[in-house]
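Letter by letter, the chains look like this.
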Amino acid sequence: MPKETKAPQFEKLPAHIAIIMDGNGRWATARRLPRMAGHRAGTENLRRIIKACVRFGINYLTIYAFSTENWKRPEDEVQGLMQIMGDVLEKEVPELNEQGVQLRHIGRLEQLDPRTQKKIRKAIDMTRDNKRLILNVAWNYGGRDEIVHAMQKIAAEGIKPDNITQKVVSDHLYTTGIPDPDLVIRTSGEIRVSNFLIWQSAYAEWYFTDTLWPDFGEDSLKKAIEDFSARNRRYGGRKPAEENEKYAG
Ligand code: IPE
Ligand code: IPE
Ligand code: MG
């Protein structure tokens, strides 16, 4: 077994990283393999990234694995992805549990087939007391769908219009209780949001890379966190005057 090296130290560590894991299909095509081989390689990489997040001390990781729009893909690919999800839940959960990972699901659970729903609920239950890393799996997730779902819940609870605040909306999203993402990463060179965490990422720092998801390993994650560390978040405020001095010429 390779010797465990010391975890890197970062100047600023994002508490919550969210990832749009994109590019599995192109990774497979580049190797003349079927798309499913790309999805399997992507799943293998996810194991590496979860381990790295635990090692780096990240508190929350949200991964976009199947969107509400991914149902538009050919039936065999959708079924293949559902199969992979089922296998991961069966085989990987004990190891995740050992690593102290708490599994959560965001998205429309009730639209999945009952067997998958049962497996997801079981995994959530098994890992519920873990504290090291909270892993949100976005499966059948869409940001707009999440907001509609939240509005429906708010209306059903009879909350009066004047009492609907940003906090009330946040508390009715699937991510309730979880801080907004600090860093959102998208692999594979696509520069778009694709309906991911559209409310929660309002002030996230974005990081785009051409690397395809199956190739985005621990070193790539380290680079993304280093990039994040060097950024100055202002949330609409201002930099201290002395930091602006360099523009004075
Ligand atoms: C991301 O890889 C995984 C899912 C969307 C499920 P893609 O399957 O989108 O890969 P590309 O974008 O076609 O390369
Ligand atoms: C976003 O990737 C969804 C996931 C990674 C699960 P897509 O490949 O579905 O996004 P588009 O279609 O390129 O926007
Ligand atoms: Mg894609």
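Everything quoted here is computed from the prediction, not taken from an experiment.

What counts and how
- Residues numbered from 1 in each chain as written.
- Chains lettered and ligands numbered in written order.
- Predicted model: local features only at pLDDT ≥ 70, side-chain atom pairs only at ≥ 80, totals over all residues.
- Heavy atoms only, no water.
- Salt bridge = Lys/Arg side-chain N within 4 Å of Asp/Glu carboxyl O.
- Helix = DSSP H or I, 4+ residues; strand = E, 2+ residues; numbered from the N terminus.
- Buried < 20%, exposed > 50% of the residue type's maximum accessible area, 1.4 Å probe, protein only.
- 1 Å grid on protein atoms, 1.4 Å probe; cavity = no way out; pocket = protein on both sides within 12 Å on 5 of 7 lines; lining within 4 Å.
- Points joined across faces, edges and corners; volume = space filled by probe spheres on them.
- Phe/Tyr/Trp six-rings, centres within 6.5 Å; stacked < 30°, edge-to-face > 60°.
- Near = heavy atom within 4 Å.
- Polar contact = N/O pair within 3.5 Å; in protein donor to acceptor, adjacent residues only side chain to side chain.
- Areas by Shrake-Rupley, 256 points an atom, 1.4 Å probe, with all protein chains shown as cover.
- Sits in = over half its atoms within 2 Å of the grid points.
- Nonpolar A, V, L, I, M, F, W, Y, C, P; charged D, E, K, R; others polar.
- Pairing = 2+ DSSP bridges.
- Axes fitted to C-alpha atoms, helices over the stretch in contact; angles between N-to-C directions.

Enquirer: Is there a simple way to think about the pattern of salt bridges in this case?
Expert: Between side chains of opposite charge, a pair can form as their charged atoms come close. Per the counting criterion, the structure on display carries 20 salt bridges. We note a salt bridge from Glu 77 to Arg 35, for which the minimum N-O separation is 3.0 Å. Residue Glu 77 is found in helix 3 (residues 75-91), and its partner Arg 35 is found in helix 2 (residues 35-56); the two are separated by 42 residues along the sequence. Given the relative accessible area of 36%, Arg 35 is considered partly exposed. A salt bridge links Arg 47 to Glu 44, with the shortest nitrogen-to-oxygen separation between them at 3.9 Å. With Arg 47 and Glu 44 both in helix 2 and three residues apart, this pair spans about one turn of that helix. Accessibility expressed as a relative area gives 34% for Arg 47, which makes it partly exposed. Judged by its relative accessible area of 38%, Glu 44 is partly exposed. Put simply, Asp 22, Arg 26, Arg 186, Glu 190 and Arg 192 are held in one network by salt bridges that share partners.

Enquirer: Help me understand the layout of surface pockets in this model?
Expert: Empty space among the atoms becomes visible once a probe the size of a water molecule is rolled across them. The volume enclosed by the largest pocket comes to roughly 1,100 Å³. Together, 45 residues line the largest pocket, and Met 21, Asn 24, Tyr 64, Ala 65 and Leu 81 are the ones closest to its centre. Counting only elements with at least two residues in the lining of the largest pocket, the list comes to helix 1 (24-30), helix 2, strand 2 (60-67), helix 3, helix 4 (93-98) and strand 4 (133-141). Among the elements that line the lining of the largest pocket, the one with the most residues is helix 2, at 10 residues.

Enquirer: Quick question: what am I supposed to make of the packing of aromatic side chains here?
Expert: For any pair of aromatic rings, geometry is given as the distance between the ring centres together with the angle between the planes. Within the structure shown, the criterion is met by nine aromatic pairs. Arranged with centres 5.4 Å apart and planes meeting at 50 degrees, the rings of Tyr 203 and Tyr 235 form a pair that is tilted. Of this pair, Tyr 203 sits in the loop between strand 5 (183-186) and strand 6 (205-208) while Tyr 235 sits in the loop between helix 8 (218-229) and helix 9 (241-244), placing them 32 residues apart in sequence. On the accessibility criterion, Tyr 235 (49% relative accessible area) is partly exposed. Between Trp 213 and Phe 216, the aromatic rings sit 5.9 Å apart at their centres with planes inclined by 20 degrees, giving stacked as the arrangement. By relative accessible area, Trp 213 is classed as buried at 0%. By the ring-pair criterion, three or more aromatic residues cluster together here, those being Tyr 64, Tyr 141 and Phe 196.

Enquirer: Please explain the site of ligand 1 as it appears in this structure.
Expert: Inspection of the region around ligand 1 gives 13 residues, with Asp 22, Gly 25, Arg 26, Arg 35 and Arg 73 positioned closest. Interatomic distance of 2.9 Å between a side-chain N/O atom of Arg 35 and an oxygen atom of ligand 1. Protein chains bury 86% of the 380 Å² of accessible surface belonging to ligand 1 in isolation. Among the detected pockets, ligand 1 sits in the largest pocket. Contributing elements (two or more residues each) for the shell around ligand 1: helix 1, helix 2 and helix 3. In terms of residues, the shell around ligand 1 owes the most to one element, helix 1, which gives three residues. For the shell around ligand 1, the class distribution of residues is three nonpolar, five polar and five charged.

Enquirer: Just checking my understanding: could you explain the sheet that holds strand 3 (residues 101-106) for this structure?
Expert: Backbone-to-backbone hydrogen bonds pair the strands of a sheet. The strands run either parallel or antiparallel. Strand order in the open sheet made by the six strands is 3-4-2-1-5-6, with parallel pairing throughout. What marks the edges here is a single partner per strand, and that holds for strand 3 and strand 6. Taking the axes of each pair of neighbouring strands and ignoring which way they run, one obtains an average angle of 20 degrees across the sheet. In terms of strand pairing, strand 2 meets strand 4 through seven bridges, oriented parallel. Each bridged residue has a counterpart across the sheet, and for Thr 62 the counterpart in strand 4 is Asn 136.

Enquirer: How should I be thinking about the site of ligand 2 in this particular structure?
Expert: Taken together, Ile 20, Met 21, Asp 22, Tyr 64, Ala 65, Phe 66, Asn 70, Arg 73, Arg 186, Arg 192 and Ser 194 form the complete shell of residues around ligand 2. Coverage of ligand 2 by the protein amounts to 77% of the 390 Å² it exposes when considered alone. Here ligand 2 is seated within the largest pocket. Tallied by class, residues from the shell around ligand 2 come to five nonpolar, two polar and four charged.

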